[in-house]
Amino acid sequence: MSGEKSVVRVRDVMTQEFAMVDGLVTISDALELYKQKSANALFINKRHEDDEFGILLLSDIAKQVVAKDRSPERVNVYEVMAKPVISVDPQMDVRYCARLFENFGLAMAPVIDGGKIQGIVTYEDIVLKGLT
């Protein structure tokens, strides 16, 4: 027994189920997708090769639509989403992923490899899957 811990990588704990939408859909439509997929977040697809992915959180909708008394049927996702997203590499050690989350005030991030979203990683994934 050497006492060395094996490295747990983001790819080992990430969730591969996530939801993608186009930035032109309405908040109302995005909320339906949230419900259908039981999603933590919605990722917004790139419009072209030089674009970046976006993310839409329920807190974004609460702050930008509900609190401002805007109609979900008249607001598009691109008006509310955060872009670009801070992403993580599937090879990253989960300890560094947790530090990244702490440093930037994140609770989740897309896992991007080869310019494509492979999954999503959350604090819950890191703790419940990474430490057991």
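Residues numbered from 1 in each chain as written. Predicted model: local features only at pLDDT ≥ 70, side-chain atom pairs only at ≥ 80, totals over all residues. Heavy atoms only, no water.

1. So, the overall build of the protein chain
Within the protein chain, the regular secondary structure consists of five helices and five strands. Reading the protein chain from its N end, one meets helices and strands in the order α-β-α-β-β-α-α-β-β-α. Projected onto the principal axes, the alpha-carbon positions of the protein chain cover approximately 60 × 30 × 25 Å. Going through the 132 residues of the protein chain one by one, you find that 39% of them count as buried. Restricting to contacts in the protein chain with at least 6 residues of sequence separation, those with at least 24 account for 59%. Accessible surface for the protein chain amounts to roughly 8,400 Å². Of this, 49% is attributable to carbon and sulfur atoms. With 16 positive and 20 negative side-chain charges, the protein chain shows a spacing of 2 Å between the two charge centroids. (Helix = DSSP H or I, 4+ residues; strand = E, 2+ residues; numbered from the N terminus. Buried < 20%, exposed > 50% of the residue type's maximum accessible area, 1.4 Å probe, protein only. Contact = heavy atoms within 4.5 Å. Areas by Shrake-Rupley, 256 points an atom, 1.4 Å probe, with all protein chains shown as cover. Lys, Arg positive; Asp, Glu negative; His and termini not counted. Charge placed at Lys NZ, Arg CZ, Asp CG, Glu CD.)

2. Quick word on the pattern of salt bridges
In the structure shown here, the tally under the stated rule is seven salt bridges. Ionic pairing is found between Glu32 and Lys35, a salt bridge with its closest N-O pair at 3.8 Å. Residue Glu32 and its partner Lys35 are both found in helix H2 (residues 27–37); the two are separated by three residues, about one turn of the helix. Looking at Lys35, the relative accessible area reads 60%, which means it is exposed. In the salt-bridge network here, residues are joined through shared partners; they are Arg47, Asp51 and Lys83. (Salt bridge = Lys/Arg side-chain N within 4 Å of Asp/Glu carboxyl O.)

3. Looking at the side chain of Asp60
Inspection of the secondary structure assignment puts Asp60 in helix H3 (residues 58–66). Buried charge without a partner: Asp60 forms no salt bridge, and the closest opposite charge is Lys63, 5.7 Å away. Non-local contacts of Asp60, meaning those with residues more than four positions away in its chain, are made with Ile55, Val65 and Val80.

4. Things to note about the sheet that holds strand S2 (residues 42–44)
Here three strands make up an open sheet; going across it, the order is S1-S2-S3 and the pairing mixed. With partners counted over all chains shown, the strands left at the sheet margins are strand S1 (19–21) and strand S3 (54–56), one partner each. For this sheet, the mean inter-axis angle between neighbouring strands, taken without regard to orientation, is 35°. Bridge analysis of S1 against S2 gives three bridges, and the strand direction is parallel. Residue pairing across strands places Met20 opposite Phe43, the latter belonging to S2. Docked against the sheet, H2 engages S1, S2 and S3, running at close to 165° with respect to S1. (Pairing = 2+ DSSP bridges. Axes fitted to C-alpha atoms, helices over the stretch in contact; angles between N-to-C directions.)

5. Brief notes about the environment of Ile86
With respect to the secondary-structure elements, Ile86 resides in the loop between H3 and helix H4 (94–104). In this structure the C-alpha to C-alpha distance between Ile86 and Glu32, which are 54 residues apart in sequence, comes to 25 Å. Residues in contact with Ile86, not counting those within four places in the same chain, are Leu100, Phe104, Leu106, Ala109 and Pro110.

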